[in-house]
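Below are the chains, spelled out letter by letter.
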Amino acid sequence: MKIAIVYWSGTGNTEAMAKEIAVGARGKGASVDLFTAADFEASKAGSYDVLAFGCPAMGAEELEEDEFAPMFEAVEPELSGKKVALFGSYGWGDGEWMRTWQEQVEGDGANMVADGLIVNEEPDEDGLAQCKALGEQLTA
């Protein structure tokens, strides 16, 4: 199984989540490639069985608009029928950006692996365990 984990991280929190998701998936035998949003293109999506996207809540609980959002908009047409997972960190609000994002991805016809995983601020031991578990779920 081949998995792409694509993320944008301003403070390192979402990056830490991405790395731990990769640990979980690799532990189950998956081939995992980590990409920053700037390094991933829509043309790569077809090469993967599963796509996991990570972005923190920005501004008024929205996706980062300079790098992540344009990349994600370009990838959206490729999501129909794909196994997809979403994750990200936040520092305020109640996770509304993740609910909205998940609804959008489900509307694109993606097969969600799990509900969007959110962690408040820097992932603690429990948050990292949730990330590892999500990585394991990606391989099922």
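Described below are features of the structure shown in this document. Worth saying up front: this structure is predicted, and the values here are computed from it rather than measured.

This brings us to the packing of aromatic side chains. The relative placement of two aromatic rings is captured by the distance of their centres and the angle of their planes. One pass over the structure, following the stated rule, counts 7 aromatic pairs. Geometrically, the ring pair formed by Phe-35 and Phe-40 is edge-to-face, given 5.1 Å between the ring centres and 65° between the ring planes. The same class applies to Phe-35 and to Phe-40, which are both buried. Between Phe-53 and Phe-72 the ring centres are 5.1 Å apart and the planes differ by 85°, which places this aromatic pair in the edge-to-face class. In this pair, Phe-53 is assigned in strand β3 (residues 50-54) and Phe-72 in helix α2 (residues 68-75), connecting sequence segments 19 residues apart. Taken individually, Phe-53 and Phe-72 each receive the classification buried, so the pair is uniform in this respect. Here the aromatic cluster, defined as three or more aromatic residues joined through ring pairs, consists of Phe-53, Phe-68, Phe-72 and Trp-101. We note Lys-2 situated over the ring of Tyr-48; from NZ or CZ to the ring centre the distance is 5.0 Å.

Residues Asp-39, Glu-41, Glu-62, Glu-65, Asp-66 and Glu-67 make up a contiguous surface patch of negative charge. One can find Glu-65 in the loop between β3 and α2.

Let us now look at unusual backbone geometry. One non-glycine residue, Glu-121, adopts positive backbone phi at about 60°. Positionally, Glu-121 belongs in the loop between β6 (117-120) and α4 (125-138). Look at Glu-121 and you get partly exposed, because its relative accessible area is 41%.

What follows covers the side chain of Glu-64. Structurally, Glu-64 can be placed in the loop between β3 and α2. The charged side chain of Glu-64 is buried without a salt bridge, its nearest counter-charge being Lys-44 at 16 Å. At a separation of 2.8 Å, a polar atom in the side chain of Glu-64 contacts the main-chain amide nitrogen of Glu-67. Once you skip the residues sitting within four places of it in the chain, Glu-64 turns out to touch Trp-8, Cys-55, Met-58 and Ala-69.

As a further point, take α4. Between its first and last C-alpha, α4 extends 20 Å over 14 residues, near the 20 Å set by a 1.5 Å rise per residue. The complete set of buried residues in α4 reads Gly-127, Cys-131, Leu-134, Gly-135 and Leu-138. Seen along its axis, α4 keeps its buried residues to an arc of 100°; they face one direction. Buried residues belonging to α4 abut β1 (2-7), α1 (13-27), β3, β4 (83-90) and β6. In this structure Asp-124 caps α4, since a side-chain oxygen of it lies 3.1 Å from the backbone nitrogen of Asp-126.

Here is what the cut-offs are and how they apply
Residues numbered from 1 in each chain as written. Predicted model: local features only at pLDDT ≥ 70, side-chain atom pairs only at ≥ 80, totals over all residues. Heavy atoms only, no water. Phe/Tyr/Trp six-rings, centres within 6.5 Å; stacked < 30°, edge-to-face > 60°. Buried < 20%, exposed > 50% of the residue type's maximum accessible area, 1.4 Å probe, protein only. Helix = DSSP H or I, 4+ residues; strand = E, 2+ residues; numbered from the N terminus. Lys NZ or Arg CZ within 6 Å of the ring centre and 35° of its normal. Patch = residues over 30% accessible without salt bridge, like charges linked within 9 Å, V, L, I, M, F, W, Y side chains within 5 Å. Areas by Shrake-Rupley, 256 points an atom, 1.4 Å probe, with all protein chains shown as cover. Salt bridge = Lys/Arg side-chain N within 4 Å of Asp/Glu carboxyl O. Lys, Arg positive; Asp, Glu negative; His and termini not counted. Charge placed at Lys NZ, Arg CZ, Asp CG, Glu CD. Polar contact = N/O pair within 3.5 Å; in protein donor to acceptor, adjacent residues only side chain to side chain. Contact = heavy atoms within 4.5 Å. Expected span 1.5 Å × (residues − 1). Arc of directions from axis to C-beta.

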